[in-house]
Amino acid sequence: MRIGMIGYGTVGQGVYGLYTERREALERSAGEGITFGGIAVRSIRPRAIPAPEELYTTDAMRLVTDDSIDTIVEVSSDPKESIQYISTALSAGKRVVTANKAALADSLADLLSKAEKGGGRLRFEAAVAGGIPLLDPLTLQVAVNDVVAFRGIINGSSNYVLTAMQNGKTREEAIREAQTLGVLEEDPRDDLEGVDAQRKLAIVASMLLHRSVTTKNVSRIGMLSLDAEDFALAKKAGRVIKLMAVCERGKAELVNGSTDSFSSPVPTLTALRVMPEAISSDDPFAQVDGIYNMAQWQGTHSGTLRFSGLGGGQEATANAVWTDLLRITRETPALSLAGEGVAEREEAARYLVRAGSAPDTGLLPEEKEDNVNALVLPCGAQWARLTEKRAVALAESGRMVLRWA
C-alpha cells in the first residue's frame, strides 16, 4: 500500500502519527508493506507531528494522478476540492478513505457510482462517528432486517455545550468553555446549528436505505435559540435536552406488515431529522454527556443495538481512518446506490414553541395544545402539535422550537 494523503491538519497528523507509532503492526494486519508517497498541504511549515519534508507537496492532484500511489487518504477541509480529488481517484480504480462528511453528504451516490464504474473502493467510517465503528455493523444488519429506527447523538461538540447548559452554564459560557478546550471550532455554527449532524445523518440514511439521501431530505433545527429557561423547564419535567438525529419508519407499516420497507423501491419514512429534543431522563441518550456520541439501531429481527464512544478528536478519528485502510485492502470495488430519495409521511408530534426573536409564536389556532403537564411555561411559550416541516419553518422565522415527544 502506497498512500497519498490530502490534508495535514489535526486528523492528518493523527493518521501519520499512528503510522509512525504502529507501522509494523499495521503492515502485519494489512498483509503488505505500507509507505507514504506524499502529503498534500496548503503551505509547507512546521507541524506538531512532523513528517519527512520530502513528502510535503502543495499539489494535491499530483498525488491523485501518481500511478505509484494506489491509496488516497482524503482528510482536507475543502468539500468542493475534496469531491474532485475523490472522484478522480475512484474513476482511476484507486482505494480512497475519507473523513470528509461535508464532501460526502450530498455527493455520496455520485462517488459510489464512479467507484463502481472505475473499479475503485471507498470507505468513510471516520466521516460519521469518529472512533465509533458504526457503518460496518449497520450495513450488515440491513441485509437481514427491516429498519425500525435509527437514533443518535452524533456531534460531540454540540453535546458538550448542551451538557454544560444542562449543568447551569449560560449558552455563551458553555460555548467559550468548549472553544477554550478545543472541543468546539472558533466558528461553531456547523456544530451548533446542526449542520454537521445533518450531514452525518444523510450519510447514515443513504447506507441504511441503499438509496441517495442528501441533506435536503433531512429536517434540521439548531440549538442556538435555547436558553436557561428551556433547560429549567425540561429539568422540572424530568427531561434532558439533546440534539438528536433520527431516521424512522412508520409504526403503522410495521404493524400491518406493509411491503413498503427499507428494501422497497421508494422507502417511506415518518422521520428524518436533526433537532433538539427534550427526552426522558430514563432514556439511555440522557446519560450521554460531554463529547461522547451514541447511536441506536432498532431492527425487525435484531432488536435494539447501541454503539457509543468518542465521536471525534485526533486519535479517535485517526483510529477510524486506519481501520478503513486495513479493511479496504480486502474489499471488492464499491457498488452504487439503488435509487434516489425517500417518500415522506408526515406525522405530527408535540413541541414547545417560544417567540424567541419573533414578536409571537406564529402558531395557528389549530396547532396549539393545552398545557396538560401543568408546567409553568416561560413567557411567550406555547405547546403545539406540529409536523417536522412546520417546526423547521417556525425555527427559521426566529422562534425557539423544542421537540417534546
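Residues numbered from 1 in each chain as written. Predicted model: local features only at pLDDT ≥ 70, side-chain atom pairs only at ≥ 80, totals over all residues. Heavy atoms only, no water.

Undergrad: Could you give an account of the pairing of strand S4 (residues 71-74), with specific residues and numbers?
TA: Burial along S4 is two-sided: Thr71 and Val73 facing one way and Ile72 and Glu74 facing the other are all buried. Taken together, the four bridges between strand S1 (residues 2-6) and S4 define a ladder with parallel strand orientation. Residue pairing in the sheet places isoleucine 6 in a bridge with glutamate 74 of S4. Note that S4 and strand S5 (residues 95-98) share four bridges and pair parallel. Residue pairing for S5: glutamate 74 is matched across the bridge by threonine 98. In the classification by handedness, the crossover that spans S4, the intervening helix H3 (residues 79-91) and the parallel S5 is right-handed. (Buried < 20%, exposed > 50% of the residue type's maximum accessible area, 1.4 Å probe, protein only. Helix = DSSP H or I, 4+ residues; strand = E, 2+ residues; numbered from the N terminus. Pairing = 2+ DSSP bridges. Right-handed = clockwise from strand over helix to strand, strands pointing away.)

Undergrad: Report on the packing of helix H7 (residues 135-142) against helix H11 (residues 195-209), specifying residues and quantitative values.
TA: Running from N to C, H7 and H11 cross one another at 35 degrees; their axes reach a closest spacing of 8 Å. On the side of H7, the interface is formed by Leu135, Leu138, Thr139 and Val142, while H11 contributes Val204, Met207 and Leu208. A breakdown of the residues in the contact of H7 with H11 according to their chemical character gives six nonpolar, one polar and no charged. (Axes fitted to C-alpha atoms, helices over the stretch in contact; angles between N-to-C directions. Contact = heavy atoms within 4.5 Å. Nonpolar A, V, L, I, M, F, W, Y, C, P; charged D, E, K, R; others polar.)

Undergrad: Outline H3, listing residues and values.
TA: For H3, spanning 13 residues, the distance from its first C-alpha to its last is 18 Å, which sits close to the expected 18 Å at 1.5 Å a residue. Where H3 begins, the side chain of aspartate 78 points an oxygen toward the backbone nitrogen of lysine 80, at a separation of 3.1 Å. Looking one or two residues past H3, glycine 93 carries a phi angle of roughly 80 degrees, positive in sign. (Expected span 1.5 Å × (residues − 1). Polar contact = N/O pair within 3.5 Å; in protein donor to acceptor, adjacent residues only side chain to side chain.)

Undergrad: Describe the environment of leucine 243, and please don't skip the residues or the numbers.
TA: Mapped onto the elements, leucine 243 comes out in strand S9 (residues 239-249). Taking relative accessible area as the criterion, leucine 243 reaches 6% and is therefore assigned buried. Sequence separation between leucine 243 and alanine 278 is 35 residues, and the spatial gap between their C-alpha atoms is 8.9 Å. Setting aside residues up to four positions removed in sequence, leucine 243 forms contacts with Gly152, Ile153, Ser158, Leu162, Asp191, Gly194, Ile221, Val274, Met275 and Pro276.

Undergrad: Before we move on, could you go through the pairing of strand S12 (residues 303-310) and cite the residues and values that matter?
TA: Sheet topology note: the strand S11 (residues 292-299)/S12 ladder contains eight bridges and is antiparallel. Looking across to S12, one finds that methionine 294 is bridged to serine 308. Connecting the antiparallel pair S11 and S12 is a turn made up of three residues.

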